[in-house]
Amino acid sequence: MTASARRPAAVPTGQVWCEFALTTVLLFLVVTIVRWVRVPASPLYVGDLRLALAVVGPVAGLLITGLILSPWGRRSGGHMNPAVTVAVWLMDVFPGVSVLPYIAAQLAGSVLGASLGRLVWGPVVSTVGFGALRPAPAWPASAVFLAETGSILVLALAVGFLLAYPAFGRWLPATVGVCIALIIVILGPLSGGSANPARQFGPALLAGRFTDLVTYMVAPILGAVLGASVHHLLYRRFQLREPITYKLAGTGDAAQSAETPRV
């Protein structure tokens, strides 16, 4: 296969706007969940953080799965996460020229979604920092960095494996949702459990919480780079099928394309 044949063409502008819209909706829902679960005056308030995250994690996983499977998600790929975009780019299924537009759309959607949460729910949102995450006091920055890096590394490997085997592609949206739910439930009380620069960017910017922002922005990207690198090593070692799409919901002709020899 020639280099030009391997390099996907730039995605249409409409897909970038879909990614922006998806991330806006995601962050609005994040702020909404935090407002109802973590504000003491809320009738749904859960005081214990671990218990609250045990509720929030599965709900967030279901929401992300639903957004991936939505019409916008099927069109844009349903990333909603700069680290996922970087990972599929490094797996050679997403065009490098579209990486920055996607990341810009995701970060802009993060800010708009958090802002809409403030507009809809009022000043009470600021009392919970617009949903911005923070690590446990006992966790040093190095531990948070490792946790954020490792969580995306695992997610990237799962995404790469399922993309490489289109027969399993139908499980990818649910797999991403389950991974995110587990990250929130397990790492939420410790590192914050972000695993998504866009998840933290808008809330932290609006709340003025910049202490750990660099960690939450950089560590997932590093995890994506490492995950994609391990994916390529496994591809060469075990001769996995080459990924054929960057869309987490798959494509209608994925199984058929998988049967076509690639040269």
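Residues numbered from 1 in each chain as written. Predicted model: local features only at pLDDT ≥ 70, side-chain atom pairs only at ≥ 80, totals over all residues. Heavy atoms only, no water.

Peer 1: Describe a nonpolar patch on the surface, and please don't skip the residues or the numbers.
Peer 2: Where nonpolar side chains cluster on the molecular surface, the patch consists of Leu-112, Leu-116, Leu-119 and Val-120 and spans about 350 Å² of accessible area. Note that Leu-112 resides in helix α6 (residues 99-121). (Patch = residues over 30% accessible without salt bridge, like charges linked within 9 Å, V, L, I, M, F, W, Y side chains within 5 Å. Areas by Shrake-Rupley, 256 points an atom, 1.4 Å probe, with all protein chains shown as cover. Salt bridge = Lys/Arg side-chain N within 4 Å of Asp/Glu carboxyl O. Helix = DSSP H or I, 4+ residues; strand = E, 2+ residues; numbered from the N terminus.)

Peer 1: Give me the nonpolar core: which residues, what numbers.
Peer 2: Most often, soluble globular proteins have nonpolar side chains that are buried together. Of all hydrophobic cores here, the largest spans 52 residues; its most connected members are Leu-155, Val-159 and Val-176. Secondary-structure elements contributing two or more residues to this core are α2 (13-38), α3 (49-69), α5 (82-90), α6, α7 (141-164), α8 (172-187) and α10 (213-238). For Val-159, the contacting residues outside a window of four places in its chain are Val-88, Leu-172, Val-176 and Leu-248. (Core = buried A, V, L, I, M, F, W, Y, C linked by side-chain atoms within 4.5 Å. Buried < 20%, exposed > 50% of the residue type's maximum accessible area, 1.4 Å probe, protein only. Contact = heavy atoms within 4.5 Å.)

Peer 1: Explain the packing of α3 against α8 to me, and be specific about the residues and the numbers.
Peer 2: Orientation of α3 relative to α8, taken along the N-to-C sense of each, is 155 degrees, at an axis distance of 8 Å. Between α3 and α8, the angle falls in the class roughly antiparallel. Once α3 is placed against α8, the crossing between them reads as right-handed. Where α3 approaches α8, its residues Leu-53, Ala-54, Val-56, Gly-57, Pro-58, Ala-60, Gly-61, Ile-64, Thr-65, Ile-68 and Leu-69 are matched on the opposing element by Pro-173, Ala-174, Val-176, Gly-177, Ile-180, Ala-181, Ile-184 and Val-185. Among the residues making up the contact of α3 with α8, the classes are represented as 15 nonpolar, 4 polar and no charged. (Axes fitted to C-alpha atoms, helices over the stretch in contact; angles between N-to-C directions. Parallel < 35°, antiparallel > 145°, perpendicular 65-115°, else oblique. Left-handed = near helix turned anticlockwise from the far one by under 90°. Nonpolar A, V, L, I, M, F, W, Y, C, P; charged D, E, K, R; others polar.)

Peer 1: Report on helix α9 (residues 197-207), specifying residues and quantitative values.
Peer 2: Among all positions in α9, only Pro-197, Ala-198, Arg-199, Gln-200, Gly-202, Pro-203 and Ala-204 are buried. Of the residues flanking the start of α9, the one acting as N-cap is Asn-196, its side-chain oxygen 2.9 Å from the backbone nitrogen of Ala-198. Gly-208 occupies a position one or two residues after α9 and carries a positive phi of about 70 degrees. (Polar contact = N/O pair within 3.5 Å; in protein donor to acceptor, adjacent residues only side chain to side chain.)

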